[in-house]
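# Structural overview for review
Letter by letter, the chains look like this.
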Amino acid sequence: MSKTPLAEHTLAIGEVGLTYVRGGRGPTLLYLHGEDGLAGHGGVLASLAERFDVIAPTLPGFDAAPAPRWLDSVDDYTHLCLAALDRLGVRGAPVVGFSLGAWIAAEMATKGGRFGALALVAPIGVKTGPVDRLDIPDIFAMRDAPLRELLYHDAEKGKVDPAASEAALTAIAGNREKFAQVAWEPWMHNPKLARRLGLLDIPTLVLRGDSDRMVTRDYAEAYAKLIAGARMQTIPAAGHFPHVEAPAALAASIIDFAAR
């Protein structure tokens, strides 16, 4: 089977023009980026495209992609992505989601049997601890240096290039703003999702970087326990963005899981 190069497409869903990249060979795999946008995922996408027909949308509002004003919640993204899968005729595929994208993937899985497997990387979206304590730190109140220490194994990897273009800096700021809009209230979770995950019967892998201080080991383990049969795996020498710090190890783990 020949490999199709990753190429950009646009799908009209109502008033939303959903941009996505698609390419590769093999069975279809859905790939949902997190709050950092899709731009930094090229290495993992290329690796996955060697084994899968990868579909990776850019969520509206991220990476400067236009978004209607009404699209302001995880639930909105969930229904948009479900509609996209229906339009593309995708059913039974594995899905890989990152942080916010993992939350969206988990919500999608609870709304119908469209997926063959779930790989959730540094997932958020559920409340696991006491009501008077945040499970996910308030990253919007943190200065740059401690925030990078929280998110990265090597904090230098999180530095923004001061010579970056205005467009790139605007996209970074826009990603942060959109993430705050959709995840602020209730803080980083849907109160109903934890119980809904308990109804799933789908192969699930929860992945996290071993230096991720945003999604802690305790939180990830509690998340995995909500889904019957889910297992956990750690990516060494990586923080909250293993696609940046350990793309080869991350891609290998996803391929090993999804190929089964």
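Conventions adopted
Residues numbered from 1 in each chain as written. Predicted model: local features only at pLDDT ≥ 70, side-chain atom pairs only at ≥ 80, totals over all residues. Heavy atoms only, no water. Buried < 20%, exposed > 50% of the residue type's maximum accessible area, 1.4 Å probe, protein only. Helix = DSSP H or I, 4+ residues; strand = E, 2+ residues; numbered from the N terminus. Arc of directions from axis to C-beta. Contact = heavy atoms within 4.5 Å. Pairing = 2+ DSSP bridges. Right-handed = clockwise from strand over helix to strand, strands pointing away. Core = buried A, V, L, I, M, F, W, Y, C linked by side-chain atoms within 4.5 Å. Salt bridge = Lys/Arg side-chain N within 4 Å of Asp/Glu carboxyl O. Polar contact = N/O pair within 3.5 Å; in protein donor to acceptor, adjacent residues only side chain to side chain. Phe/Tyr/Trp six-rings, centres within 6.5 Å; stacked < 30°, edge-to-face > 60°. Axes fitted to C-alpha atoms, helices over the stretch in contact; angles between N-to-C directions. Parallel < 35°, antiparallel > 145°, perpendicular 65-115°, else oblique. Left-handed = near helix turned anticlockwise from the far one by under 90°. Nonpolar A, V, L, I, M, F, W, Y, C, P; charged D, E, K, R; others polar.

### A look at helix α7 (residues 217–225)
Given 3.6 residues per helical turn, the α-helix brings residues three or four places apart onto the same face. Listed in full, the buried residues belonging to α7 are Y219, A220, Y223 and A224. All buried residues of α7 fall inside an arc of 135° around its axis, so they share one side. Turned more than 90 degrees from where α7 packs its buried face, D218 and K225 sit exposed. The secondary structure elements touched by the buried residues of α7 are α3 (100–109), β6 (115–121), α6 (193–197), β7 (204–209) and β8 (231–235).

### Thoughts on the pairing of β8
With 5 bridges connecting them, β7 and β8 associate as parallel partners. When the bridges of β8 are listed, L207 appears paired with Q233. Regarding topology, α7 serves as the crossover connection from β7 to the parallel β8, and that connection is right-handed.

### Overview of the environment of P5
Note on placement: P5 falls in strand β1 (residues 4–13). With a relative accessible area of 60%, P5 lands in the exposed category.

### What about the nonpolar core?
The biggest cluster of nonpolar side chains holds 62 residues, and the ones touching the most others in it are I104, M108, F115, L118, I124, F179 and M188. Examining the composition of this core, we find that 8 residues originate from one element, α3, more than from any other. Contacts of I124, omitting those with residues within four sequence positions, involve S99, L100, W103, I136, F179, M188, M214, V215, Y219 and Y223. Ranked by size, the runner-up nonpolar core spans 27 residues in total, among them V21, L250, I254 and A258.

### Quick word on the pattern of salt bridges
Scanning the model with the defined rule gives 11 salt bridges in all. R25 is the partner of E50 in a salt bridge, and the nearest nitrogen-oxygen pair spans 3.0 Å. Of this pair, E50 sits in the loop between α1 (42–48) and β4 (53–57) while R25 sits in the loop between β2 (16–24) and β3 (28–32), placing them 25 residues apart in sequence. E50 sits in the partly exposed class, given a relative accessible area of 38%. Members of the salt-bridge network, linked through shared partners, are K3, R25 and E50.

### What about the side chain of D135?
Tracing the backbone shows D135 in the loop between β6 and α4 (144–151). Accessibility expressed as a relative area gives 16% for D135, which makes it buried. A distance of 3.0 Å separates the side chain of D135 from the backbone nitrogen of G129, its partner in a polar contact. Contacts of D135, omitting those with residues within four sequence positions, involve V126, K127, T128, G129, M214 and Y219.

### So, the packing of aromatic side chains
Summed over all chains, the structure comprises 8 aromatic pairs. Between Y152 and F241 the ring centres are 5.5 Å apart and the planes differ by 50°, which places this aromatic pair in the tilted class. Of the two residues, Y152 is situated in the loop between α4 and α5 (166–183) and F241 in the loop between β8 and α8 (242–245); the sequence distance between them amounts to 89 residues. Like F241, Y152 is buried. Aromatic side chains W184 and W187 sit 5.5 Å apart centroid to centroid with 85° between the ring planes, which places their arrangement in the edge-to-face category. For W184, a relative accessible area of 44% translates into the label partly exposed. Among the aromatic side chains, those forming a connected cluster through ring pairs are F140, F179, W184 and W187.

### Overview of the packing of helix α2 (residues 74–88) against α3
Closest axis-to-axis distance for the α2/α3 pair is 9 Å, and the angle between their directions is 65°. Judged on the interaxial angle alone, α3 and α2 are roughly perpendicular. Crossing handedness for the pair α2 and α3: right-handed. Contacts from V74, Y77, T78, C81, L82 and L85 in α2 reach L100, W103, I104, E107 and M108 in α3. Taken together, the residues that form the contact of α2 with α3 break down as 9 nonpolar, 1 polar and 1 charged.

### Quick word on the sheet that holds β8
Taken in spatial order, the 8 strands of this open sheet run β1-β2-β4-β3-β5-β6-β7-β8, and their pairing is mixed. Strands at the two margins of the open sheet, each flanked by one partner only, are β1 and β8. Strand-to-strand, the axes of this sheet are offset by a mean angle of 20°, without reference to chain direction. Where β2 and β4 come together, 5 bridges link them in antiparallel fashion.

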